[in-house]
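What the coordinates show
Each chain, letter by letter, is given below.
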Amino acid sequence: MKKKLVAAIMAATMAVTCLAGCGSSSSGSSSSDSKSESDNASIRFDWWGGDTRHEATQKAVTDFQKANPNIKVEVNFGAWDGWEAARALEYQSQTGSDLTQINFSWITDYDKGGSAFVDLNDYKDIIDLSQYDQSVLDMCKDSNGGLAGIPVSITGRTFFWNKTTFDKAGIDIPKSLDDLIAAGNTFKEKLGDDYYPLSLSTYDRALLMSFYLQANTGEPIIDESGKLTVTKDQLVDGVKFIQNLEDNHVMPSIATLQEDGDVALNENPKFIDGHYAGVFEWDTASPKYVSNLAEGQEFVVGTELTGLGDKCLGVSDKVSMLFAITKSSKSPKAAAKLLNYLVNDPEGVTTLGTERGIPASKAAYDTLSKAGAISDDMSTAHAEVVDSDPLYFSPKFDDASLKDSATGAYQDVFEKLSSGSYSVDEAGQKLFDAYNTVLAE
Amino acid sequence: MTKGKSFLKANKGFLFILPWLIGFLVFKMYPFASSLFYSFTEYNLFEPGSEFHFTLQNYKDVFINENERNALIVTFKYAFMTVPLKLVFALFIAYILNFKIKGVNFFRTAYYIPSILGGSVAIAVLWKALFKGDGLIHSFFGVFGIDAPNFLSDKHWALFIICLLRVWQFGSAMVIFLAALKGVPQDLYEAASLDGATKTQQFFHVTVPLITPVIFYNLVTQLVQAFQEFNGPYIITQGGPEGSTTLMSLLIYNNAFHTWEMGKASAQAWVLFIILMALTLVAFWSQKHWVYYADEES
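Just so it is clear, the model here is predicted, and its values are computed rather than measured.

This part is about the pairing of strand β2 (residues 71–78) of chain A. Residues and elements named next belong to chain A. The sheet contact formed by strand β1 (residues 41–48) and β2 spans eight bridges and is parallel. The residue bridging W48 from the neighbouring strand is G78, located in β2. Taken together, β1, helix α2 (residues 51–67) and β2 constitute a β-α-β crossover, and its handedness is right-handed.

See below:
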């Protein structure tokens, strides 16, 4: 008996010693744990992005630390690939960074019941919320009505075109759906089978389909109450519209894109050399396309396409990304101070520039406008979205079960539609079922 | 001797294995038991309380749900293509390398190298580059004016290409076969030769029966590896096109770390485990019909 007892004590001691090292150093704290925590704090800040964003953000963090020598900031940044899963697990295990860059849909995905992020209304004495329209802040609420994140920018999708390829085909860049379909046939006849005026991934197809349906109904595909506003027959019509683009040589099939290496469009050799001459992208995304294009190619901002429907242009806009403070933060005030520096402070805003899009903060927008830091391309593209009277974009549209590139319904439906494994009726039915499953949760 | 010292002496062995035991309990037994528990729940990592919603649906779905059933079928296809091809190829090359030919050591090393690279990410990336639309294989066919199929975007080809990657890494099985071939007594070949047996007859009637224990060993280990394959389809095709390379392991990963359905992923992992266990048991049971153990004979 004694033997067993001693063995058990030793095992327990060892387990505790081992596991102590695995524990979080920043768990179970609250904003009220220290009255002067921001006076001397150490915080962690994470974000994803490309090299230019990393450089600008690191410089902003360094400047912030010079201005606030009592706050030490540790940074964690990387590319998008695998980023979401890693952060989600951190939020769930209460080991996330103090300040974290999040996507719009993460509020509904990972902050259920306000479990992951603090209510930033509690820090409004540090973060200048008056710089944001209330309607924008309302989009960033968690299910408890708390402000889960501060929107960095507002974005919407529009078209960008490789003007050089269109010139080669002898046609103007498309302004309407009819122009686009005509361009498909012209590209095929004049340039060859492997030239297309547009290239769309499965998610791009879902978004363009939603624009088409919205243009025909005048309502967001999923409204603010979380209701699907289209019928199964309308969804069948929507997928037929997408398939029609492929059938008319407007865009390559999904199999063709897979043959190209299944890479992001800006890394696709056929985009780089001008074979794929059009992009349907977020209005802030042009730099990554422009920088990859082969020399001598001119990349221009288009207009929202007319002729998709008779009710409106069908365009939606949304919060592109946000900064949030995790519930596990030991120093939320220090994190709030850094957050405010990045989104409102003239110095921080100037350093970051438009690396995260055109700022949603009025103060930041003014600072960058006066400094002439907003490029014409980005400004024009953003104006296209804003001027199109955009509709509400539900984060449910981006639910993982729909959007996920491996298991999501968009991938399943548009890949099999493209290959002919699904008829338009089957594809419409699948999408209808998938939306209803998500919205029933 | 003090009490403490005598206790230490009596439990010395136990104390030595204690670190391993703790690791085993914490990192093996606990996840094993908890995954069994979660497999009977609707546990979603981001749905608080879902770990206590009990259900059998996860297990039913493996056989009813279209995607899950497809993954199961694809896994069987993958295993039943890869394992025999790899074993036959490994045995064939080992047989050739068992002859006294010039530079045999170089060839043995060269054939073993792909296995050292193992299931690495770099090799999977290389495979993708070789077989994609403008890759080396396409260019090679192009030289002869042959319009090769789109290996990675054609659902009829993609799985075979993933299989080839593992078949190409036959080195470890080959080395084991080579050792077994060296153990076959030469006098048996001499006797067979005197009886007029051809080389082919000698191979099938002398060599193969004597190395059946090694064939059996390779069969079981390769079967287990094949059912656990992940890197190839994850990196080369991400399970596509149209789910044609979505093996169970990839589906488990997707459910666990894309949609966070831990209950579903746990059930799929247990089904995979049960299938593997059953196949291994069948293999062991079948031994008495085809595996020859010389020591049992005596």
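Our focus in this paragraph is unusual backbone geometry. In this chain, G240 of chain B is followed by P241 of chain B through a cis amide linkage whose omega measures -10°. Here P241 of chain B shows up in the loop between α13 (231–236) and α14 (248–257). Unlike most non-glycine residues, D389 of chain A shows phi in positive territory, near 55°. Mapped onto the secondary structure, D389 of chain A falls in the loop between α16 (376–386) and α17 (400–403). Note on D389 of chain A: 10 C-beta atoms within 10 Å, which makes it exposed. Phi at Q238 of chain B is positive, roughly 55°, even though this residue is not glycine. Along the chain, Q238 of chain B turns up in the loop between α13 and α14. For Q238 of chain B, a count of 17 C-beta atoms within 10 Å puts it in the partly exposed group.

Turning to the interface of chain A and chain B, a few remarks are in order. Residue-level contacts link 29 residues of chain A with 23 residues of chain B. Listing elements by their share of the side of chain A that touches chain B, those giving two or more residues are α1 (2–20), α3 (83–92), α4 (106–110), α10 (254–259), α17 and α18 (409–419) of chain A. In terms of residue count, the dominant contributor to the side of chain A that touches chain B is α1 of chain A (eight residues).

With that out of the way, let us pick up the environment of K327 of chain A. Among the structural elements, K327 of chain A can be located in the loop between β7 (317–325) and α13 (332–343). When neighbours within four sequence positions are excluded, K327 of chain A is seen to be in contact with Q94, S115, A116, F117 and V118 of chain A.

Note on interface size: it is often stated as the accessible area lost on association of the parts. All names here are of chain A. The domain architecture assigned to chain A consists of domain 1 (41–154 + 319–379) and domain 2 (156–317 + 390–440). Contact with domain 1, which involves 13 residues of that partner, is made by eleven residues of domain 2. Considering each element in turn, the side of domain 1 that touches domain 2 owes the most residues, three residues, to α4. Among the residues making up the side of domain 1 that touches domain 2, the classes are represented as five nonpolar, six polar and two charged.

Calculation rules
- All residue numbers refer to position in the chain's written sequence, counted from 1.
- Chain letters and ligand numbers both follow the written order, the letters beginning at A and the numbers at 1.
- Note on the predicted model: pLDDT of at least 70 is required for a residue's local features to be given, and 80 or more for side-chain atom pairs to be given and counted; whole-chain, interface and lining totals, by contrast, use all residues.
- DSSP calls a pair of strands paired once it identifies at least 2 bridges connecting them.
- Working definition: helices are DSSP H or I runs of at least four residues, strands are E runs of at least two. Numbering for both runs from the N terminus.
- Place the viewer so that the strands point away; then a crossover is right-handed whenever the path from the first strand over the helix to the second strand goes clockwise.
- With C-beta atoms placed from the backbone, the exposure class of a residue follows from how many other C-beta atoms lie within 10 Å of its own: 20 or more, buried; 12 or fewer, exposed; in between, partly exposed.
- We call two residues in contact when their backbone-placed C-beta atoms lie within 7 Å.
- As used throughout, domain bounds are those supplied by an automatic or database domain assignment.
- Residues are sorted three ways: Asp, Glu, Lys and Arg are charged, Ala, Val, Leu, Ile, Met, Phe, Trp, Tyr, Cys and Pro are nonpolar, and all the rest, Gly among them, are polar.

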